[in-house]
Amino acid sequence: DTAVSQTPKYLVTQMGNDKSIKCEQNLGHDTMYWYKQDSKKFLKIMFSYNNKELIINETVPNRFSPKSPDKAHLNLHINSLELGDSAVYFCASSHDLRTSGFTDTQYFGPGTRLTVL
Amino acid sequence: GESVGLHLPTLSVQEGDNSIINCAYSNSASDYFIWYKQESGKGPQFIIDIRSNMDKRQGQRVTVLLNKTVKHLSLQIAATQPGDSAVYFCAEKVRGSQGNLIFGKGTKLSVKP
């Protein structure tokens, strides 16, 4: 299947722990994103990477550190997890907007539901 | 801050009827708009998009209307089906931004059989 995939789908952990969420896309896209969706379904961008280079960092605490080993992967590492980090995290990808024109569809992964106890 | 919002948080329609989901945006510099559909337990799925130089775009059973004068966007779904039940988000991209999509709050569409 061609898609954006994330692992794990569910993640339950204790406060203070460090955890990672992995994302992979096989769509040949150059740009990848992380979004956070809160309990009220509000979606907000956290990070954007283009060809392993950080493009967008939207006032996210530095406990969150994205890592892009190659342009098909963008992992999200979270240190010292807090209760407020509980949410669904979505990875997305698109073609490089700077070369494909000013519009390009972002394709989303299935999400990772993080619950911090 | 957030500049995209929806008038109706929930919408209930009868199967076969047409649905209209509305969205207001406040940033006049936005030049690209997208509608996404999110089913329970899944990620947002692209439905249709429209550039700011257009006022209407049609897809299969869906039509997006853009009124730049009042900064309003709507999604019309014809002959709504139970499979259309989901949360619908509008999103905007501000001209010159690096692909940063700003999402609205979402409208939950429930289709009654």
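Residues numbered from 1 in each chain as written. Chains lettered and ligands numbered in written order. Predicted model: local features only at pLDDT ≥ 70, side-chain atom pairs only at ≥ 80, totals over all residues. Heavy atoms only, no water.

Would you explain the overall build of chain A in this entry?
Along the backbone of chain A there are one helix and eleven strands. Over its C-alpha trace chain A gives a radius of gyration of 14 Å, about what one expects of a compact globule, namely 13 Å for 117 residues. The buried share of chain A, reckoned over its 117 residues, is 47%. Within chain A, contacts between residues at least 6 apart in sequence are counted, and of these 57% link residues at least 24 apart. Summing over all exposed atoms, chain A offers an accessible surface of approximately 5700 Å²; the carbon and sulfur share of this is 51%. Charged side chains in chain A number 13 positive and 12 negative. The centres of these two groups are separated by 6 Å. (Helix = DSSP H or I, 4+ residues; strand = E, 2+ residues; numbered from the N terminus. Rg over C-alpha atoms; globule rule 2.2 N^0.38 Å. Buried < 20%, exposed > 50% of the residue type's maximum accessible area, 1.4 Å probe, protein only. Contact = heavy atoms within 4.5 Å. Areas by Shrake-Rupley, 256 points an atom, 1.4 Å probe, with all protein chains shown as cover. Lys, Arg positive; Asp, Glu negative; His and termini not counted. Charge placed at Lys NZ, Arg CZ, Asp CG, Glu CD.)

Explain the interface of chain B and chain A to me, please; I cannot follow it from the model alone.
If you look at the interface, chain B gives 21 residues, while chain A gives 23 residues. Around 1800 Å² of area is buried between chain B and chain A when both sides are counted, 59% of it from carbon and sulfur atoms. Applying the counting rule to chain B against chain A returns three residue pairs in polar contact (both at pLDDT 80 or more). Of all the elements in the fold, those that place two or more residues in the side of chain B that touches chain A are strand 4 (30-38), strand 5 (45-51), strand 9 (86-94) and strand 10 (101-103) of chain B. (Buried area = accessible area lost by both parts, 1.4 Å probe. Polar contact = N/O pair within 3.5 Å; in protein donor to acceptor, adjacent residues only side chain to side chain.)

What should I look at first to understand the pairing of strand 11 (residues 112-116) of chain A in this one?
Sheet faces and side chains relate simply in a regular strand, where the side chains alternate between the two faces. Residues and elements named next belong to chain A. Here strand 11 shows a clear split, with Thr112, Leu114 and Val116 buried on one side and none of Arg113 and Thr115 buried on the other. Summarising the sheet, strand 2 (residues 10-13) and strand 11 pair through four bridges and their orientation is parallel. Within the sheet, the bridge partner assigned to Thr13 lies in strand 11 and is Val116. (Pairing = 2+ DSSP bridges.)

Help me understand the environment of Phe90 of chain A in this model?
Structurally, Phe90 of chain A is set in strand 9 (residues 87-94). Separated by 22 residues in sequence, Phe90 of chain A and Thr112 of chain A have C-alpha atoms that sit 6.5 Å apart.

How should I be thinking about the state of the cysteines in this particular structure?
Each disulfide consists of a covalent bond between the sulfur atoms of two cysteine residues. This model, assessed by the stated rule, comprises two disulfides over all chains. The partner cysteine of Cys23 of chain A in its disulfide is Cys91 of chain A, sulfur to sulfur 1.9 Å. The disulfide joining Cys23 of chain A to Cys91 of chain A has a torsion of about -80° about its S-S bond and is therefore left-handed. Within this pair, whereas Cys23 of chain A is found in strand 3 (residues 19-25), its partner Cys91 of chain A is found in strand 9, the two being separated by 68 residues in sequence. Exposure remark for Cys23 of chain A: the relative accessible area of 1% places this residue in the buried category. Cys91 of chain A sits in the buried class, given a relative accessible area of 0%. With its sulfur 1.8 Å from that of its partner, Cys23 of chain B forms a disulfide with Cys90 of chain B. Judged by the sign of its S-S torsion, about 50°, the bond between Cys23 of chain B and Cys90 of chain B is right-handed. With Cys23 of chain B in strand 3 (residues 19-25) and Cys90 of chain B in strand 9, this pair connects stretches of sequence that are 67 residues apart. Among the residues examined, Cys23 of chain B registers a relative accessible area of 1% and is labelled buried. (Disulfide = S-S within 2.5 Å.)

Honestly, the environment of Asp17 of chain B in this entry has me stumped. Any pointers?
Residues and elements named next belong to chain B. With respect to the helices and strands, the residue Asp17 is situated in the loop between strand 2 (10-14) and strand 3. Taking the relative accessible area as the measure of exposure, Asp17 reaches 40% and is therefore partly exposed. Separated by 59 residues in sequence, Asp17 and Gln76 have C-alpha atoms that sit 11 Å apart.

So what exactly am I meant to see when it comes to the sheet that holds strand 8 (residues 73-78) of chain A here?
Backbone-to-backbone hydrogen bonds join strands into a sheet, with any given pair of strands oriented parallel or antiparallel. Residues and elements named next belong to chain A. Reading across the sheet, the four strands line up as 1-3-8-7 and stay open at both edges, with antiparallel pairing between neighbours. Each edge of the open sheet is held by one strand with a lone partner, namely strand 1 (4-7) and strand 7 (64-70). Across this sheet, the average inter-strand angle for adjacent strands is 20°, counted without regard to direction. (Axes fitted to C-alpha atoms, helices over the stretch in contact; angles between N-to-C directions.)

Geometric descriptors of this kind do not, in isolation, establish any biological role.
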